[in-house]
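So the chains spell out like this:
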Amino acid sequence: MTERLKGYFMSIALTLCSALLATAVTALPAGAHTGGSAAAWEVKAPPGSSPTAVVALDPADGHPTLTVRRADEQVLAPSPLGLVTEQADLSQGLELTGRTTRTVTERYTSTTGKSRERVARMTEARFRFRTAEGARLDLLVRVARDGVAYRYVLPRSTGNVLRETSAFTLPTDSQAVINAYRADNELPFKRYESAATAPAGSYSMQALFNTPGGYALIAESDLNGSYAGAHLTHEANSPTYKVSLWNDEPIAVEGSLKTPWRTIVTGDLTTVTESTLVDDLAPPSKVRDTSWIRPGPALWTWLAGGKEAGQSLAAQKGYVDYAAERKWPYEVVDAGWYYKPGEWDVIDPDWQTNSWMPELVRYAAAKGVGVQVWLHYTLLTDPVEREKWLSTLASWGVKGVKIDFMDSESQERMRWYDEALEATARHHLLVNFHGSTIPKGMQRTWPQVMTMEGVGGEEKRNNTAEQLASLPFTRNVIGSMDFTPGAFHRPFRPNVASDAGELGLTVLYESGIQNLAGTPESYEARPEARGYLEQLPARWEETRLLTGDPGRAAVLARRAADGRWFIGGTFAGAAHTADIPLRLGAGRWLVETVTDGSAGLVRGTQVAKGGATIAVPVIADGGFAALACRWHPGRTTCEN
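Residues numbered from 1 in each chain as written. Predicted model: local features only at pLDDT ≥ 70, side-chain atom pairs only at ≥ 80, totals over all residues. Heavy atoms only, no water.

### Focus on the sheet that holds strand β29 (residues 553–559)
Then comes step 1: With antiparallel pairing, the 6 strands of this open sheet are ordered in space as β28-β29-β30-β35-β32-β33. For this open sheet the edge positions go to β28 (542–549) and β33 (600–609), each flanked by a neighbour on one side alone. Averaged over all adjacent pairs, the angle separating strand axes in this sheet is 15 degrees, with direction ignored.
Then comes step 2: Relative to β33, strand β32 (residues 588–597) is paired through 10 bridges, and the arrangement is antiparallel. Following the sheet pairing, valine 591 is matched in β33 by glutamine 606.
Then comes step 3: Helix α13 (residues 499–508) rests against β29, β30 (565–571), β32, β33 and β35 (623–630) of the sheet, and its axis sits at about 125 degrees to β30. (Pairing = 2+ DSSP bridges. Helix = DSSP H or I, 4+ residues; strand = E, 2+ residues; numbered from the N terminus. Axes fitted to C-alpha atoms, helices over the stretch in contact; angles between N-to-C directions. Contact = heavy atoms within 4.5 Å.)

Structure below.
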């Protein structure tokens, strides 16, 4: 054998040995920081990012914990991990048998949300634990530039899951913006100066905390029928928020199990607000061809016309005419259309032959408007009935369904979601869930989901200015939110004196189908608002937080495909002049603002450099809308 060949084979042998050694090292609990009594292992974000997760195991009783840091400050204090099944306590008495690490990089295109093109880069560590009796628990931890997430993996069943021991313990003096939990996720958000002293009770998994290490939004991702939805339980004067499952019901498990991701979106307020981490953690799209999925504004007819409109073909044609004039791509027919004429909540047994819906769909299609329709979810619980309703609607040319009143996050109801999502995708029907859970990654996996309620929206009569200024940093971070803004005619709005603030909500709140809730008459009475709404694009390419203070103020800018930036702002508190930084890019921008004047809406125009600050007058509990485009000599408007 020549010396060259000897060197070649020696190089191969060394490479193989190095690879085997690396595998052996990562499979062992190497790199542990003993630091006293507990062994601890760090999981760091990809290079250039700041969050660090620390998994620790107490040798005294073998219970695991998770700590999250940013810039040497705690975001999450040591917090318990684990779950308990029928056959094993996987929250204590654990020993680490192995650990591996990999980098996860995924690129995907979103049909809705804050941005279209997305890149997710995360470090993933798998910790393999077992009990003395041999029961296995794997802990997967992912760390990205905008947060930390973990999930449990049971390689083999140890019976049904009885409960989680997971919890989030906040550092001392953390503030909270949280909402009490209810099945429909619609209770208002409130701000508390101390997370520990917030009232005892149950809170939604969309809880925002301001900690020494930055903001932290507690959420979950990849929730499906293999599990149940979770919420947070808080005891008085405790910094800990425990994870509780739906009605404390056991989770039925057959074979192996992956739980939803317990997610901490963290960073400065800009990072949290602009984050797509909840979607990034979810499985890729199950819909191969998405060419039929088209978001866009809609004229929603419930708050505009109520029950009468729901049973009137003539009224619906009038709404279609108005949507066509505005070039809005959709009109939504709410409850009543399949009820017997003149009766409410009584389904016409011959609805497939008696309904005027096919005529409305044909009428709308001729004018370039798609029709979406309301359904009570109970119509879709039986597989045969579900197929009858969805196939009929698809054959008529209906573009989407608004499915209402699920009002549960039980495992059984999540299994129903799985079935409904598959069926609507198969029939090419867009989906808007009302009386529902919140997205939790659903929109990445099932991109026909345009929006979901899970919010105290425009229908509510008890909203506050604080609620309006909390939603961009809580519920709407997680996914599309059907707040249904634009109901200028409603006297119950917390911003009832600020039409400019109401207009700004149509941009401030992201929804794949932005259901505009006003009457045609209310829009005609406000030509500045009508003109602005006519400019709304079908979707957003990018989102930026310009300024904000959760529960007090929120101003976001969203970029359309043509390069224009739409800006919406809302404020709680006294009238003032708001200073708005233009984080839009270098160069000169023409900015058209719509604000409140003594005689109605007022349009103002100014030219400013990117990065500069503009002054915008805001009335008490009010807001504004704006449109920005590249300025050049002679350009006086951003309207197309």
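### A closer look at the nonpolar core
Inside soluble globular proteins, nonpolar side chains tend to come together where they are buried.
Then comes step 1: Counting residues in hydrophobic clusters, the biggest one holds 139 residues, and the most contacted among them are Leu66, Phe127, Val141, Trp337, Met357, Leu375 and Phe433.
Then comes step 2: Broken down by element, this core gets its largest block of residues, 7 residues, from helix α9 (residues 411–426).
Then comes step 3: Apart from the residues lying within four places of it in its own chain, the contact partners of valine 141 are Val43, Ala53, Val55, Thr123, Glu124, Ala125, Phe127, Val148, Ala149 and Tyr150. (Core = buried A, V, L, I, M, F, W, Y, C linked by side-chain atoms within 4.5 Å. Buried < 20%, exposed > 50% of the residue type's maximum accessible area, 1.4 Å probe, protein only.)

### Considering helix α5 (residues 313–326)
Then comes step 1: Between its first and last C-alpha, α5 extends 20 Å over 14 residues, near the 20 Å set by a 1.5 Å rise per residue.
Then comes step 2: Listed in full, the buried residues belonging to α5 are Leu313, Gln316, Tyr319, Val320, Tyr322, Ala323 and Arg326.
Then comes step 3: Where α5 is buried, its residues touch β21 (296–300), α4 (302–310), β22 (330–333), α7 (357–366), α14 (520–524) and α15 (527–534).
Then comes step 4: Of the residues flanking the end of α5, it is lysine 327, one or two places downstream, whose phi is positive at about 65 degrees. (Expected span 1.5 Å × (residues − 1).)

### Digging into the packing of aromatic side chains
Then comes step 1: The full count for this structure, using the stated rule, is 27 aromatic pairs.
Then comes step 2: Measuring from ring centre to ring centre gives 6.3 Å for tryptophan 337 and tryptophan 396, while their planes differ by 75 degrees; the resulting arrangement is edge-to-face. Of this pair, tryptophan 337 sits in the loop between β22 and α6 (351–354) while tryptophan 396 is found in helix α8 (residues 383–396), placing the two residues 59 residues apart along the sequence. This pair shows no difference in class: tryptophan 337 is buried, exactly as tryptophan 396 is.
Then comes step 3: Centre to centre, the rings of tyrosine 338 and tyrosine 339 are 5.1 Å apart; their planes meet at 80 degrees, and the pair counts as edge-to-face. Both residues of the pair, tyrosine 338 and tyrosine 339, count as buried.
Then comes step 4: Directly above the aromatic system of tyrosine 322 lies the positively charged group of arginine 326, at a separation of 4.6 Å from the ring centroid.
Then comes step 5: Over the ring of tyrosine 108 we find arginine 444; its NZ or CZ atom is 3.9 Å from the centre of that ring. (Phe/Tyr/Trp six-rings, centres within 6.5 Å; stacked < 30°, edge-to-face > 60°. Lys NZ or Arg CZ within 6 Å of the ring centre and 35° of its normal.)

### Considerations on the packing of α8 against α9
Then comes step 1: One way to put it is that α8 packs onto α9 with a least axis distance of 10 Å and a crossing angle of 30 degrees. In this structure, α8 meets α9 at a crossing whose hand is right-handed. Contacts between α8 and α9 pair Arg386, Glu387 and Leu390 from the former with Trp416, Glu419, Ala420, Ala423, Thr424 and Arg426 from the latter.
Then comes step 2: Of the residues assigned to the contact of α8 with α9, the class counts are 4 nonpolar, 1 polar and 4 charged. (Left-handed = near helix turned anticlockwise from the far one by under 90°. Nonpolar A, V, L, I, M, F, W, Y, C, P; charged D, E, K, R; others polar.)

### Thoughts on the state of the cysteines
Then comes step 1: Under the criterion given, the structure shown has 1 disulfide.
Then comes step 2: The disulfide partner of cysteine 629 is cysteine 638, and the gap between their sulfur atoms is 2.1 Å. Linking cysteine 629 and cysteine 638, the disulfide has an S-S dihedral of approximately -80 degrees and is accordingly described as left-handed.
Then comes step 3: Of the residues examined, cysteine 629 reaches a relative accessible area of 2% and is grouped as buried. (Disulfide = S-S within 2.5 Å.)

### Thoughts on the pairing of strand β16 (residues 214–221)
Remember that side chains alternate between the two faces of the sheet whenever the strand is regular.
Then comes step 1: Counting buried residues along β16, 8 of its 8 residues qualify, which places the element largely inside the surrounding structure.
Then comes step 2: Pairing analysis gives 5 bridges linking strand β15 (residues 207–211) to β16, with the strands arranged antiparallel. From the neighbouring strand, phenylalanine 209 faces β16, where its bridge partner is alanine 216.
Then comes step 3: Where β15 folds back onto β16 in an antiparallel hairpin, the turn is made up of 2 residues.
Then comes step 4: Sheet topology places β16 next to strand β20 (residues 261–267); 7 bridges connect them, and they run antiparallel. Bridge assignment links leucine 217 to a residue of β20, and that residue is valine 265.

### Some details on the confidence of the model for the protein
Then comes step 1: Of all residues in the protein, 94% have pLDDT values of 70 or greater, and the mean over the chain is 94.
Then comes step 2: Note that pLDDT drops below 50 for residues 1–36; the model gives that stretch 24 contacts with residues more than four away or on any other chain. (pLDDT = per-residue confidence, 0-100.)

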